[in-house]
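Chain by chain, the residues:
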Amino acid sequence: MKLIIAIIQDEDAGEVISHLNEAEIQVTRLATKGGFLRSGNTTIMTGVDDEKVDEALKIIEENSKSRTQYATLPSSCGAMHGFILAPIEVKVGGATVFVLDVDQFHKF
Amino acid sequence: MKLIIAIIQDEDAGEVISHLNEAEIQVTRLATKGGFLRSGNTTIMTGVDDEKVDEALKIIEENSKSRTQYATLPSSCGAMHGFILAPIEVKVGGATVFVLDVDQFHKF
Amino acid sequence: MKLIIAIIQDEDAGEVISHLNEAEIQVTRLATKGGFLRSGNTTIMTGVDDEKVDEALKIIEENSKSRTQYATLPSSCGAMHGFILAPIEVKVGGATVFVLDVDQFHKF
Ligand code: NI
Ligand code: NI
Ligand code: NI
């Protein structure tokens, strides 16, 4: 048994968790303190059998990995100022993942 | 020294924590993200000496283990619709517990 | 790689985190459940290379360790009752720190 602790972006949390659940991996989602720092992050925690660790890591990676998106400001903004906005590159996603050994595991 | 991480139901958290405290085991309670998933859960975290692990686990089990309760809808509901409600079985409680080895422990 | 989990007071969190960041140590801040217990605490989590553990612990200690402060009640209170308040000793700060071995670490 291993305990996986993953810090992912809020916007990826839904996909990561639902795909883990599809693989019958239950997840606990911890609240990250609203504040000046990393306020857009979620910490998920899941216990998995040793032979499911790779599968869980693959699901986390596929649904949260760092990637580039294109964003534009809200169109009302461009319209108001009478010009057309070029999309800008935004880096989104990314995950930091720790896998820990579990000494004992219990379900009560 | 071990670190115990337990995911329990919100409604059991008070009893679990107060009984751990009576046994002089201090607990940190982490907020679980409100959301579509497991929103009624609380994660507690406590560091205990090796020889107190069994006692802590016993307290967690006794105060959070999965059990059946009987519930009825609010009586205003039955009254309004003019019938008597039979109590329904609800499964409550349950805990998922991880015990981890601690490499270093400090109190500053 | 080690995972450091530290429970510190809310009021020390800003200093601890900004000094860790200056040392290029990234931190995730978990929300502690508002409630009857330890409601003024914050849990921080950070993964550090083995050779940076001592530095991280020193930063946490220096910015959160238990200390005595002097406080007075709000002056409006003294004024209202027509007397002068002596400052009282208050113990603030303090940290509980766990260092855990990490089996695998990934950045996606
Ligand atoms: Ni999907
Ligand atoms: Ni009781
Ligand atoms: Ni400073």
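For chain A, an unreviewed UniProt entry supplies the name Transcriptional regulator and the organism Anaerotignum lactatifermentans.

Trainee: Teacher, can you tell me more about the relation of the copies chain B and chain A here?
Mentor: Relating one copy of the chain to the other takes a rotation about an axis and a shift parallel to that axis. Screw-axis analysis of chain B against chain A gives a translation of 0.0 Å along the axis, an RMSD of 0.0 Å, and a rotation angle of 120 degrees. Interpreted geometrically, this transformation is the action of a three-fold axis. The rotation axis passes nearest to the C-alpha of Ala31 of chain B in chain B, at a distance of 3.2 Å.

Trainee: Can you walk me through the sheet that holds strand 2 (residues 28–30) of chain C in this structure?
Mentor: Whether parallel or antiparallel, the strands of a sheet pair through hydrogen bonds between backbone atoms. Sheet architecture is open: 5 strands sit in the order 7(B)-6(C)-1(C)-3(C)-2(C), paired in antiparallel fashion. A strand with exactly one partner marks an edge of an open sheet, and here the two such strands are strand 7 (104–107) of chain B together with strand 2 of chain C. Taking the axes of each pair of neighbouring strands and ignoring which way they run, one obtains an average angle of 15 degrees across the sheet. Running over the sheet, helix 1 (residues 10–22) of chain C touches strand 1 (2–9), strand 2 and strand 3 (41–48) of chain C and is turned about 145 degrees from strand 1 of chain C. Sheet contacts for helix 2 (residues 53–64) of chain C: strand 7 of chain B together with strand 1, strand 3 and strand 6 (95–101) of chain C; angle to strand 1 of chain C, the most-contacted strand, approximately 0 degrees.

Parameters at a glance
Each chain carries its own residue numbering, running from 1 in the direction its sequence is written. All chains are assigned letters beginning with A, and all ligands numbers beginning with 1, in the order in which they are written. The predicted origin of the model limits local features to residues at a pLDDT of at least 70 and limits the giving and counting of side-chain atom pairs to 80 or more, whereas totals for whole chains, interfaces and linings rest on all residues. Side-chain metrics rest on all non-hydrogen atoms present in the structure, leaving aside hydrogens and water. Least squares is used to superpose the copies, and the fit set is the C-alpha atoms of residues whose pLDDT is at least 70 in both copies. Here, a strand pair is defined by DSSP locating no fewer than two bridges between the strands. Helix and strand assignments come from DSSP, with helices taken as H or I runs of at least 4 residues and strands as E runs of at least 2, each series counted from the N terminus. Note on geometry: axes are C-alpha line fits, over the in-contact stretch for helices, and angles between N-to-C directions span 0 to 180 degrees. Whether two residues are in contact is decided by their heavy atoms: any pair within 4.5 Å suffices.

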